[in-house]
Number of protein chains: 2
Amino acid sequence: MADQRRNLPVLDCATEPLVRDPLTAEQAVSIAAVFKALSDPVRLRLLSLIASHAGGEACVCDLTPSFEVSEPTISHHLKVLREAGLVTSERRASWVYYRLVPGALAGLAHLLDTTEHAAAGR
Amino acid sequence: MADQRRNLPVLDCATEPLVRDPLTAEQAVSIAAVFKALSDPVRLRLLSLIASHAGGEACVCDLTPSFEVSEPTISHHLKVLREAGLVTSERRASWVYYRLVPGALAGLAHLLDTTEHAAAGR
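To keep things clear, this report deals only with the structure shown in the data block. (Residues numbered from 1 in each chain as written. Chains lettered and ligands numbered in written order. Predicted model: local features only at pLDDT ≥ 70, side-chain atom pairs only at ≥ 80, totals over all residues. Heavy atoms only, no water.)

## Looking at the overall build of chain A
Then step 1. Along the backbone of chain A there are six helices and three strands.
Then step 2. Classification of the 122 residues of chain A by burial places 50% in the buried group.
Then step 3. Long-range contacts, defined as pairs at least 24 residues apart, comprise 64% of the intrachain contacts of chain A with a sequence gap of at least 6. (Helix = DSSP H or I, 4+ residues; strand = E, 2+ residues; numbered from the N terminus. Buried < 20%, exposed > 50% of the residue type's maximum accessible area, 1.4 Å probe, protein only. Contact = heavy atoms within 4.5 Å.)

See the structure below:
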């Protein structure tokens, strides 16, 4: 099983809700890079397929049948998700298995949280 | 005061966490467009400045001093955020005021929620 801590979430250092304080330029650059990884429909579907797959992991062989794009294209998109700290990968026998990094999505969700904002009556 | 309901959040129809079920191709296209709006550092900082500004709204005159880019560039980025359903705008006298659409960020945060996923031991 892949070690989910292998790729540390990019947002560890910047998870305060963006409604609380203005982001610094550095924080914005890091966070924008993660949102850029999520800004492609194929990558979003891949992330969702991996996360909702039985056991919380999926190999490329589970993923490619859902798409009308080539396996190298799928592999490229998976690499982008991995480099953004959103998924981890592990090779087992002849296949690479992908698994969500839960902390990364939770960090993004916290960043977008508006609970405090709403409570302040804004 | 701007009517926050003027721009309906883009994600009203697709707010189930993406860890629960695979996104459809149509959902992925809509959601990717919102993440694309968030994938630029200047736009992220603008969104954060608007959301954290006193009273929850900011005019262009409050925003431009924080950036080393021109006012037309700022206006372009604000237009992208507005078209993605993330902010609303209202002209008052000679300035346009921007305000967060709370439902949009909450919808994205819910989409990225992994609570159920973690509870399932994935």
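Still more to cover.
## Section: the interface of chain B and chain A
Then step 1. Each partner contributes residues to the interface: chain B has 40 residues there, and chain A has 40 residues.
Then step 2. Between chain B and chain A, a total of about 3100 Å² is buried, with carbon and sulfur atoms accounting for 72% of that surface.
Then step 3. Along the contact surface separating chain B from chain A lie zero salt bridges.
Then step 4. In terms of residue count, helix H2 (residues 41-52) of chain B provides more of the side of chain B that touches chain A than any other element does, eight residues in total.
Then step 5. A breakdown of the residues in the side of chain B that touches chain A according to their chemical character gives 23 nonpolar, ten polar and seven charged. (Buried area = accessible area lost by both parts, 1.4 Å probe. Salt bridge = Lys/Arg side-chain N within 4 Å of Asp/Glu carboxyl O. Nonpolar A, V, L, I, M, F, W, Y, C, P; charged D, E, K, R; others polar.)

## Considerations on the environment of Ser66(B)
Residue and element names in this part refer to chain B.
Then step 1. Counting through the fold element by element, Ser 66 comes out in the loop between helix H3 (60-63) and helix H4 (71-83).
Then step 2. Along the backbone, Ser 66 and Val 42 are 24 residues apart, and their C-alpha atoms lie at a distance of 10.0 Å.
Then step 3. Sequence-distant contacts of Ser 66, that is, excluding residues within four places in its chain, are made with Arg 45 and Leu 49.

## Some details on the side chain of Ser48(B)
Then step 1. Of note, Ser48(B) is situated in helix H2.
Then step 2. In this structure Ser48(B) comes out as buried when scored by relative accessible area, which is 0%.
Then step 3. Among residues more than four places away in sequence, those in contact with Ser48(B) are Leu18(A), Asp21(A), Pro22(A) and Leu23(A).

## Topic: the pairing of strand E2 (residues 87-92) of chain B
Residues and elements named next belong to chain B.
Then step 1. Pairing of E2 with strand E3 (residues 95-100), which is carried by six bridges, proceeds in the antiparallel orientation. Each residue of the ladder has a partner; that of Arg 92, found in E3, is Trp 95.
Then step 2. In textbook terms, the turn of a hairpin is the stretch between consecutive antiparallel strands, and for E2 and E3 this stretch comprises two residues, one of which, Ala 93, has a positive phi near 55°. (Pairing = 2+ DSSP bridges.)

## Details of helix H2 (residues 41-52) of chain A
Residue and element names in this part refer to chain A.
Then step 1. With twelve residues, H2 extends 16 Å between its outermost C-alpha atoms, agreeing within 8% with the 16 Å of an ideal straight helix rising 1.5 Å per residue.
Then step 2. Within H2, eleven of the twelve residues are buried, which leaves it mostly tucked inside the rest of the structure.
Then step 3. The set of residues buried in H2 consists of Val 42, Arg 43, Leu 44, Arg 45, Leu 46, Leu 47, Ser 48, Leu 49, Ile 50, Ala 51 and Ser 52.
Then step 4. At the N-terminal end of H2, a side-chain oxygen is found 2.8 Å from the backbone nitrogen of Val 42, two or three residues along, and the residue is Asp 40. (Expected span 1.5 Å × (residues − 1). Polar contact = N/O pair within 3.5 Å; in protein donor to acceptor, adjacent residues only side chain to side chain.)

## Thoughts on the sheet that holds strand E1 (residues 57-59) of chain B
Residue and element names in this part refer to chain B.
Then step 1. The three strands are arranged E1-E3-E2 in an open sheet whose pairing can be described as antiparallel. Only two strands of the sheet have a single neighbouring strand rather than two, namely E1 and E2. Pairs of neighbouring strands in the sheet enclose a mean axial angle of 25°, with direction left out of account.
Then step 2. Docked against the sheet, H2 engages E1, E2 and E3, running at close to 90° with respect to E3.
Then step 3. In the packing of H4 onto the sheet, contacts are made with E2 and E3, and the angle to E2 comes to roughly 125°. (Axes fitted to C-alpha atoms, helices over the stretch in contact; angles between N-to-C directions.)

## Some details on the environment of Ala58(A)
Residue and element names in this part refer to chain A.
Then step 1. By the secondary structure assignment, Ala 58 is in strand E1 (residues 57-59).
Then step 2. Taking the C-alpha atoms as reference points, Ala 58 and Trp 95, separated by 37 residues in sequence, lie 9.9 Å from one another.
Then step 3. When sequence neighbours within four positions are dropped, the list of residues in contact with Ala 58 reads Ile 50, His 53, Leu 63, Val 96, Tyr 97 and Tyr 98.

## Here's the deal with the packing of H2(B) against H4(B)
Residues and elements named next belong to chain B.
Then step 1. With their axes 10 Å apart at the nearest point, H2 and H4 run at an angle of 75° to one another. One way to sum up the angle between H2 and H4 is to call them roughly perpendicular. Residue-level contacts link Val 42, Arg 43, Leu 46, Leu 47 and Ile 50 of H2 to Ile 74, His 77, Leu 78, Val 80 and Leu 81 of H4.
Then step 2. When grouped by side-chain class, the residues that make up the contact of H2 with H4 number eight nonpolar, one polar and one charged. (Parallel < 35°, antiparallel > 145°, perpendicular 65-115°, else oblique.)

## Side note on the state of the cysteines
All names here are of chain A.
Then step 1. Taken as a whole, this structure holds two disulfides over all chains when the rule is applied.
Then step 2. Covalently, Cys 59 is tied to Cys 61 through a disulfide, its sulfur atoms 1.9 Å apart. Measuring the twist about the S-S bond at about -50°, one finds the Cys 59-Cys 61 disulfide to be left-handed.
Then step 3. Classification of Cys 59 by relative accessible area gives buried; the value is 1%. (Disulfide = S-S within 2.5 Å.)

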